[in-house]
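# Structural characterization, general
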Amino acid sequence: MDNYHITPTDSGWALKKEGAERASKTATTKAEIIKLAGEFLEGKTASLKIHKEDGSIQEDRTYPRSAAPKK
């Protein structure tokens, strides 16, 4: 499973695969990057960590939802 992170940048927000140099997607608002991330990860098995502006993790999502570990 690939790991992706949504993090703040100087010019907005970025979706970046863990270990990658460049962002897969960028957007000016957090809401926009979350929407783009959902579209980008459609059909993939991935974990998405959404960070707050301070860098801490706000939310953790799994794509597809059926791949989420059972609690």
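Structure first, text after, so check above.
Residues take numbers from 1 onward in each chain, read along the sequence in its written order. Only residues with pLDDT of at least 70 are given local features in this predicted model, and only at 80 or more are side-chain atom pairs given and counted; all residues enter the totals for whole chains, interfaces and linings. Processing note: side-chain calculations cover all non-hydrogen atoms of the structure and skip hydrogens and water entirely.

Each pair of strands is called paired provided DSSP finds at least two bridges between the two strands. The secondary structure listing takes helices from DSSP runs of H or I that are at least 4 residues long and strands from runs of E that are at least 2 residues long, numbered from the N terminus. Strand order in the open sheet formed by five strands is 3-2-1-4-5, and the pairing between neighbours is mixed. Unpaired on one side and paired on the other, strand 3 (25-27) and strand 5 (57-63) mark the two borders of the sheet. Strand-to-strand twist of the sheet, defined as the mean angle between neighbouring strand axes without regard to direction, takes the value 15°. Inspection of the sheet shows strand 2 (residues 12-17) paired to strand 3 by three bridges, in the antiparallel sense. Between the N-to-C directions of two axes lies an angle of 0 to 180 degrees, each axis being a line fitted to C-alpha atoms and, for a helix, fitted only over the stretch in contact.

A word on the packing of aromatic side chains. Whether two aromatic rings pair depends on their centres lying within 6.5 Å, for rings of Phe, Tyr and Trp, where Trp uses its six-membered ring; planes under 30 degrees apart make the pair stacked, over 60 edge-to-face, and the rest tilted. What the rule picks out here adds up to one aromatic pair. When the ring of Y4 is compared with that of F40, the centres are 5.8 Å apart and the planes differ by 75°; the resulting orientation is edge-to-face. In this pair, Y4 is assigned in strand 1 (residues 2-9) and F40 in helix 1 (residues 30-40), connecting sequence segments 36 residues apart. Here the term buried applies to any residue with accessible area under 20% of the maximum for its type, exposed to any over 50%, and partly exposed to those in between, with areas from a 1.4 Å probe on protein chains only. With a relative accessible area of 23%, F40 lands in the partly exposed category. Only when the NZ atom of a Lys or the CZ atom of an Arg is both within 6 Å of the ring centre and within 35 degrees of the ring normal do we say a charge sits over the ring. Between the NZ or CZ atom of K44 and the centre of the ring of F40, over which it lies, the distance is 4.0 Å.

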